[in-house]
Amino acid sequence: MAKMLMIYPDRCTGCHDCELACSFFHDKEFRPYTSRIKVYSWEMEGFSMPTTCAQCEDAPCVAVCPTGAMYDDPGNNRVAWDESKCIGCRMCTLACPFGAVVFETGKRRIIKCDLCDGEPECVKICPTCALDYVEETDAAKARKKAVAVEFKKTFEEVTS
Amino acid sequence: MNGWIGTVLRVDLTSGSIKKEALDLELAKMFIGGRGLGSKILYDEVDAKTDPLSSDNKLIFAAGPLNGTFAPSSGHFNVVTKGPLTGTIAASSSGGMFGPMLKFAGYDMIILEGKADRPVYLWIKDSEVEIRGAEDLWGKNTVDTTQEIRSATDEEASVACIGPGGERLIFFANIMNESNRAAGRTGVGAVMGSKQLKAVAVLGTGAVHVSDNDAFRVSVEKASIKIKEHAVGGGGLRNYGTDVLVNILNNIGGLPTRNFRESYFPDADKVGGESLTKTLLTRPRGCYSCIISCGRATRVKNPKYEGYGEGPEYETAWAFGPDCGIDDLEAITKANYICNETGIDTITMGATIACAMDLFENNIITTKDTDGVVLNFGNVEAMMEMVHKTARGEGFGKKLALGSYRMADSYGHPEYSMSVKKQEMPAYDPRAVQGIGLNYATSNRGGCHVRGYTVAPEVLGNPEKADPLVTEGKANLNIIFQNLTAALDSSGACLFATFGIGGDELADLLSTATGIKFSTEDFMLAGDRIWNLERLFNLKAGIGPKEDTLPDRILKDEVPKGPSKGNVNRLDEMLPEYYSLRGWDESGIPTKDKLTQLGL
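Residues numbered from 1 in each chain as written. Chains lettered and ligands numbered in written order. Predicted model: local features only at pLDDT ≥ 70, side-chain atom pairs only at ≥ 80, totals over all residues.

Our focus in this paragraph is the overall build of chain A. Counting its regular elements, chain A contains five helices and eight strands. Shown N-terminal to C-terminal, the secondary structure of chain A runs as helices and strands in the order β-α-β-β-α-β-β-α-β-β-α-β-α. Once the C-alpha set of chain A is aligned to its principal axes, its extents read approximately 65 × 30 × 25 Å. Here chain A holds 160 residues, and 38% of them are scored as buried. (Helix = DSSP H or I, 4+ residues; strand = E, 2+ residues; numbered from the N terminus. Buried ≥ 20, exposed ≤ 12 C-beta atoms within 10 Å, placed from the backbone.)

Below, the structure is given as structure tokens:
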């Protein structure tokens, strides 16, 4: 089944648990600086937005990669990379429109969301379900439903 | 090192020296971190008789071993110092991301000493630490200060700063971090102001490690489920914020009203969490690694009180609301925003205005004192005017800035101050909830609910129900809650995690994080040790058994109406037993045997 990481910023409370879970899974340490998912918060407005790799269908990072290290991996619903082929040219970082592919200074490596091989840790830990890993065509269901519920409320108020 | 980082940053603001010291692991085992370890260092390094606002006092920002991990709701750090409001040891807890960020930068603690000769701020980026001039920031509010420091350093920095409140040495000034999070009680902001330290800004790119990854994950999952499934931890607090307590307390006649003259407010629902959710709430917010998210992002659109930010939480809604006889949630919320921007404590601010209203209605002060303002209970405009005056340091606001005890005392009537050890009691009437009265009386930082929250069993039935009107068993209950909280505050966890977990889970989290085995008994014993150490500091400071009491109004004046009608607090039935169970002598001094048992 083709799944995607769905983000609901309206549910995000800015707790950063996703970043902690991400770095703990990948690097066995709590280090949000190298998390593959990143939350930006506007504290006064009370708004937070998780950002991560969109696993593009026609991915610029794949297109620009000169060695074929970055490649499309539809079986795992993602764009993946082969570290043995990576020459560290950082073209993928330059090409990504989301800033989701990062070259890490410390370990001289690419860091990018790999969906934890099918069971994203960020989704598992998110306490408010602001992140979900769902079948693509169903991804917008919750949002559709929310609109319908609001409409129902208004409709009932108007017609009662 | 696991859990802890292993490094303490020591900054002398007088000389400008910056040193990195190794964390004493033996002390860390005994005092855990945060409040406990900070208090131990303060106890050892600062003379308890020191003037809190002199350069001899120290200001300690202390993270705990769980900060920076995904242990549930473990984003709290403590500011430890000698507090100016009470003259006692002061540990003020705050959430946000400052504690975790401090650890990612590579430190468990910052010890600030001396006094700068000009306004400065401290900028920490990992191993680089710099004292920078803050002349341009002096006078600015906490929101602008936070933004300007981020612009000058890094947009993602965590900024803990003071506002005009701390600069003017208001005895109940806060330290605010992430604009909306407060180290809010005991006046820690004034100590920071006295050192001319406007802010501490931190950006960390490093890591926190735990000892046993798999075991830690299991501990976290177990604890998280318990909190999520708890009616308060996973329900009430998330859905309605702490303000959910308004109706609950009012229903038992435990909501102090009009400066504790009464303890039932008929219009309470208008300022409760349910109303807040329907009207001003934008969305719930969480501190770092929080699975509860009791924080309330709010916006007031009414042009009269327009603004946005976070709050009010329960104590604030009560202090500017029922305690002042007020039911206008928009005004209360605006008062909250002003206090956050000024960097002052909302509980003391609201309760001091309530005290002034009481003095006014009893003709002890008149419009001549209040700059012409008719300061009676229920007067929303007057309440707002008083908040503005205090924030700006104008006229009668200078009197209010003393806190209720010193203000009322200056008019010869300290008995109108609803405070313990000069700090205002919060939003639980001890006549309706007996055990919390004992907690206020014995709290090591004066009138305060978060030293031993017996409201949990007495009102909310957590972990099991205790009758709020009974005094029997409350001494023991207080000791358990005080010890647990002292240890919890030292670990980096938030008090609200106890709506779901207790000593067993916290000890397990600590053990798997640090690799040092803490049994539940070890954990509770550490809490006992911390509590006794704080008591020793206060005794040395000259504050002791004589001050372990409650205002006469609470001990002698029966609640006049409402569900708790006819009650007073029966402290005398609880205090001797409390001393005895603590292992203290009859006059409330820890015995030698007790101190030996605790390794003090």
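Now that the structure has been shown, the text picks up again.
What follows is about the overall build of chain B. From N to C terminus, chain B includes 24 helices and 17 strands. Taken over C-alpha atoms, the radius of gyration comes to 22 Å for chain B, in line with the 25 Å a tight globule of 600 residues would show. In terms of principal-axis extent, the alpha carbons of chain B reach across some 60 × 55 × 45 Å. Looking at chain B as a whole, 65% of its 600 residues are labelled buried. Sequence separation of at least 24 residues holds for 70% of the intrachain contacts in chain B that already meet a minimum separation of 6. (Rg over C-alpha atoms; globule rule 2.2 N^0.38 Å. Contact = placed C-beta atoms within 7 Å.)

Bringing the interface of chain A and chain B into the picture now. Contact residues are listed per partner, giving 21 residues for chain A and 28 residues for chain B. Broken down by element, the side of chain A that touches chain B gets its largest block of residues, four residues, from helix α1 (residues 17-27) of chain A. Within the side of chain A that touches chain B, the residues separate by chemical class into nine nonpolar, five polar and seven charged. (Nonpolar A, V, L, I, M, F, W, Y, C, P; charged D, E, K, R; others polar.)

Turning next to the sheet that holds strand β8 (residues 128-133) of chain B. Residues and elements named next belong to chain B. Taken together, the six strands give an open sheet; going across it, the order is β8-β7-β12-β9-β10-β11, and neighbouring strands pair in mixed fashion. Strand pairing shows two members of the sheet lacking a second neighbour, β8 and β11 (181-183), which therefore form its edges. Within the sheet, the average angular offset between the axes of one strand and its neighbour, ignoring direction, is 20°. Pairing of strand β7 (residues 120-125) with strand β12 (residues 197-203), which is carried by six bridges, proceeds in the parallel orientation. In the strand pairing of β12, K125 is matched with L203. The sheet strands contacting helix α4 (residues 142-152) are β7, β9 (158-161), β10 (175-177) and β12, and the helix crosses β9 at an angle near 140°. (Pairing = 2+ DSSP bridges. Axes fitted to C-alpha atoms, helices over the stretch in contact; angles between N-to-C directions.)

Looking now at the environment of B:I170. All names here are of chain B. Structurally, I170 can be placed in the loop between α5 (164-167) and β10. Here the alpha-carbon distance between I170 and A401, two residues 231 residues apart in the chain, equals 5.6 Å. When sequence neighbours within four positions are dropped, the list of residues in contact with I170 reads G165, A190, I344 and A401.

With that out of the way, let us pick up the packing of helix α12 (residues 329-342) of chain B against helix α14 (residues 380-392) of chain B. Residue and element names in this part refer to chain B. At a minimum axis distance of 10 Å, the contact between α12 and α14 shows a crossing angle of 5°. In terms of orientation, α12 lies roughly parallel with respect to α14. Taking contact as the criterion, the partners of A331, K334, A335, I338, C339 and T342 in α12 are, on α14, V380, M383, M384, V387, H388 and A391. Grouping the constituent residues of the contact of α12 with α14 by class yields nine nonpolar, two polar and one charged. (Parallel < 35°, antiparallel > 145°, perpendicular 65-115°, else oblique.)

Residue and element names in this part refer to chain B. Here α12 is 14 residues long and its end C-alpha atoms lie 20 Å apart, about the 20 Å a rise of 1.5 Å per residue gives. Within α12, 13 of the 14 residues are buried, leaving the element largely enclosed by the surrounding structure. G343 sits one or two positions beyond α12 and adopts a positive phi of about 80°. (Expected span 1.5 Å × (residues − 1).)

Moving on, we come to the domain arrangement of chain B. All names here are of chain B. The assigned domain composition of chain B is domain 1 (7-203), domain 2 (255-424) and domain 3 (434-598). Its C-alpha centre places domain 2 at a distance of 27 Å from the equivalent point of domain 3. Each partner contributes residues to the interface: domain 2 has 16 residues there, and domain 3 has 22 residues. Residue classes in the side of domain 2 that touches domain 3 are distributed as eight nonpolar, three polar and five charged. (Domains from an automatic or database assignment.)

We now examine the packing of helix α2 (residues 34-45) of chain B against helix α19 (residues 474-491) of chain B. Residue and element names in this part refer to chain B. Running from N to C, α2 and α19 cross one another at 90°; their axes reach a closest spacing of 4 Å. In terms of orientation, α2 and α19 fall into the roughly perpendicular class. Residues G34, R35, G36 and L37 of α2 form the contact with α19, whose participating residues are A486, D489, S490 and S491. Per-class residue counts for the contact of α2 with α19 are two nonpolar, four polar and two charged.

Here the focus is the nonpolar core. Residue and element names in this part refer to chain B. Among the nonpolar cores identified, the biggest contains 230 residues, and I60, M109, Y121, A201, V202, A356 and M383 are the most heavily contacted of them. For this core, the element with the most residues is helix α13 (residues 346-361), which contributes ten residues. Look past the residues within four positions of A201 in its chain and what remains in contact with it is Y121, W123, I124, I149, T153, A157 and V159. (Core = buried A, V, L, I, M, F, W, Y, C linked by C-beta atoms within 7 Å.)

In this section: unusual backbone geometry. Glycine aside, the phi torsion of most residues is negative, and most peptide linkages are trans. The omega angle of the peptide bond from B:G311 to B:P312 is 5°, so this bond is cis rather than trans. Locating B:P312 in the fold gives a position in the loop between β15 (307-310) and α11 (314-320). With phi around 55°, A:C129 is a residue other than glycine that occupies positive phi space. In this structure, B:D126 takes a positive phi of about 50° despite not being glycine. Given 15 C-beta atoms within 10 Å, B:D126 falls into the partly exposed group.

Time to look at the environment of B:M574. All names here are of chain B. Considering the arrangement of structural elements, one finds M574 in the loop between α22 (552-556) and α23 (575-582). Along the sequence, M574 and L438 sit 136 residues apart, while their C-alpha atoms lie 6.9 Å from each other. The contact partners of M574, leaving out residues within four places of it in the chain, are L438, T471, K474 and A475.

Residue and element names in this part refer to chain A. Here four bridges tie strand β4 (residues 70-73) to strand β5 (residues 78-81), and the two strands are oriented antiparallel to one another. Bridge pairing in β5 places D73 opposite R78. What sits between the antiparallel neighbours β4 and β5 is a turn of four residues, in which N77 has the positive phi angle 55°.

All names here are of chain B. Taken in spatial order, the three strands line up as β13-β14-β15 in an open sheet, and their pairing is antiparallel. This sheet does not close on itself; its edge strands, each paired only once, are β13 (281-285) and β15. Each neighbouring strand pair of the sheet contributes to a mean axis angle of 10°, computed without reference to strand direction. Here strand β14 (residues 295-300) runs beside β15; their pairing, made up of four bridges, is antiparallel. Note on β15: the bridge partner recorded for V300 is G307.

All names here are of chain B. Position of F496 among the secondary structure elements: in the loop between α19 and α20 (503-514). Sequence separation of F496 and T242 is 254 residues, and the distance between their C-alpha atoms is 9.7 Å. Those residues in contact with F496, other than ones at most four positions away along the chain, are S73, G233, L237, I292 and C294.

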